[in-house]
Amino acid sequence: MTYQTYILQTASTPLPWEELRGKRILITGATGLIGGCLVDVLMAHHPIFYEVYASGRNVIRARKKFAPYVHNPQFHFLKYDVTTPLTCHIPFDYIIDAASGASPNIYNSDPVGVMRSNFLGTDHLLDYGVHNELKKFVYVSSGEVYGEGTGTIFHETDSGFVDPTLFRSCYPSSKRASETLCVSYAHQYGIEVSIARPSHIYGPHFTESDNRVYAQFIRNTLHGDDILMKSTGSQYRSWCFVADCASAILFILLK
């Protein structure tokens, strides 16, 4: 099937969509792989009886990505960097926080920025929600919170090893801290929070800076280049198609 077919299929999933009637939904990181797919699904649902606010930092990428929705009155683009406080004064009913640098080359070049976008971004959004009667917050975390794997099956209650003295740990450590921040807001302020932990997500519309292995392989194929293996290829990974990931996040949001 084509990507659009998957989007239409996901948009027709039997969920309690009525919960969204008349509501405002903010999706941060909307120009990224997961956030962009969530926007596509919400805009493909019929009827659209809610308003979608897609936020991101890259306006040029947003114009290209969201061109089909630019004239739809239910769609709004919000230029926003999550490392700064949110000051738009829009009473969002739902926030899905999918803003995060998830590419290994960013961990190497800007680990401080990775930590700031994860932890500060979560704090700014939750603080905004507390003061603006947010109905529910969904944090898109990561399977990396489970730490170093051993090749065996892990469970949701597991907490694996992460070395906090490695700059590569900027991603899993800040995701872990952000999860704790979420449950702390829930405990202290009574705000409803759910956490999603996607593993390795693949699909179209990944960004030009995405250096993950599947993105590299696809670029190699499209350019007619040889596929370059940078390891023995013996690692175990949990892979999930982006439309399935979006479906799961909406399930978590609504149920």
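Above this text sits the structure in question.
Below, the structure is looked at part by part.

What counts, and at which threshold
Residues numbered from 1 in each chain as written. Predicted model: local features only at pLDDT ≥ 70, side-chain atom pairs only at ≥ 80, totals over all residues. Heavy atoms only, no water. Axes fitted to C-alpha atoms, helices over the stretch in contact; angles between N-to-C directions. Helix = DSSP H or I, 4+ residues; strand = E, 2+ residues; numbered from the N terminus. Left-handed = near helix turned anticlockwise from the far one by under 90°. Contact = heavy atoms within 4.5 Å. Nonpolar A, V, L, I, M, F, W, Y, C, P; charged D, E, K, R; others polar. Patch = residues over 30% accessible without salt bridge, like charges linked within 9 Å, V, L, I, M, F, W, Y side chains within 5 Å. Areas by Shrake-Rupley, 256 points an atom, 1.4 Å probe, with all protein chains shown as cover. Salt bridge = Lys/Arg side-chain N within 4 Å of Asp/Glu carboxyl O. Buried < 20%, exposed > 50% of the residue type's maximum accessible area, 1.4 Å probe, protein only. Pairing = 2+ DSSP bridges. Core = buried A, V, L, I, M, F, W, Y, C linked by side-chain atoms within 4.5 Å.

**Brief notes about the packing of helix H1 (residues 3-11) against helix H2 (residues 33-44)**
Helices that pack against each other are described as a pair by the angle of their axes relative to one another and the distance between those axes. Two elements in contact, H1 and H2, have axes whose closest approach is 8 Å; the angle formed by their N-to-C orientations is 65°. Regarding H1 and H2, the two cross each other, and that crossing is right-handed. Touching Tyr-3, Ile-7, Leu-8, Thr-10 and Ala-11 of H1 are Cys-37, Asp-40, Val-41 and Ala-44, all from H2. Of the residues assigned to the contact of H1 with H2, the class counts are 7 nonpolar, 1 polar and 1 charged.

**What about a nonpolar patch on the surface?**
A cluster of nonpolar side chains, contributed by Tyr-202, Val-213 and Trp-239, occupies part of the molecular surface with about 270 Å² of accessible area. Assignment of secondary structure puts Tyr-202 in strand E7 (residues 200-202).

**Points about the pairing of strand E4 (residues 94-97)**
Alternating residues of E4 divide into Tyr-94 and Ile-96 and Ile-95 and Asp-97, and every residue in both groups is buried. Looking at chain direction, strand E1 (residues 24-28) and E4 are connected through 4 bridges and run parallel. Paired with Leu-26 across the bridge in E4 is Ile-95. Both E4 and strand E5 (residues 136-140) contribute to a ladder of 4 bridges, which runs parallel. Bridge pairing links Ile-95 to Phe-137 in E5.

**Some points on the pattern of salt bridges**
Tallied over the entire structure, the rule returns 5 salt bridges. One salt bridge in this structure joins Arg-21 and Glu-18, with 2.8 Å as the shortest N-O distance. Residue class for Arg-21 comes out partly exposed when judged on its relative accessible area of 43%. For Arg-168, the salt bridge identified is with Glu-144, shortest N-O distance 3.1 Å.

**Brief notes about the sheet that holds E4**
Spatially, E3-E2-E1-E4-E5-E6 is the arrangement adopted by the 6 strands of the open sheet, whose pairing is parallel. The open sheet has two edge strands, strand E3 (75-79) and strand E6 (193-196), and neither has a second partner. Each strand axis lies, on average, 15° off the axis of its neighbour in the sheet, ignoring direction. Where helix H5 (residues 111-131) meets the sheet, it contacts E1, E4, E5 and E6, and its direction lies at approximately 170° from that of E5. Packed onto the sheet, helix H6 (residues 170-189) meets E5 and E6 and runs at close to 170° relative to E5.

**Thoughts on the environment of Ala-196**
Within the secondary structure, Ala-196 is located in strand E6. As for Ala-196 and Tyr-139, which are separated by 57 residues in sequence, their C-alpha atoms are 6.2 Å apart.

**Digging into the nonpolar core**
Core analysis: the biggest nonpolar cluster contains 43 residues, and Trp-17, Leu-20, Val-39, Leu-42 and Ile-249 have the highest contact counts within it. Those elements that provide at least two residues to this core are H1, E1, H2, strand E2 (51-56), E4, E5, helix H7 (213-222) and helix H8 (242-254). When neighbours within four sequence positions are excluded, Trp-17 is seen to be in contact with Thr-10, Ala-11, Val-41, Leu-42, His-45, Phe-49, Tyr-50, Leu-250 and Leu-254.

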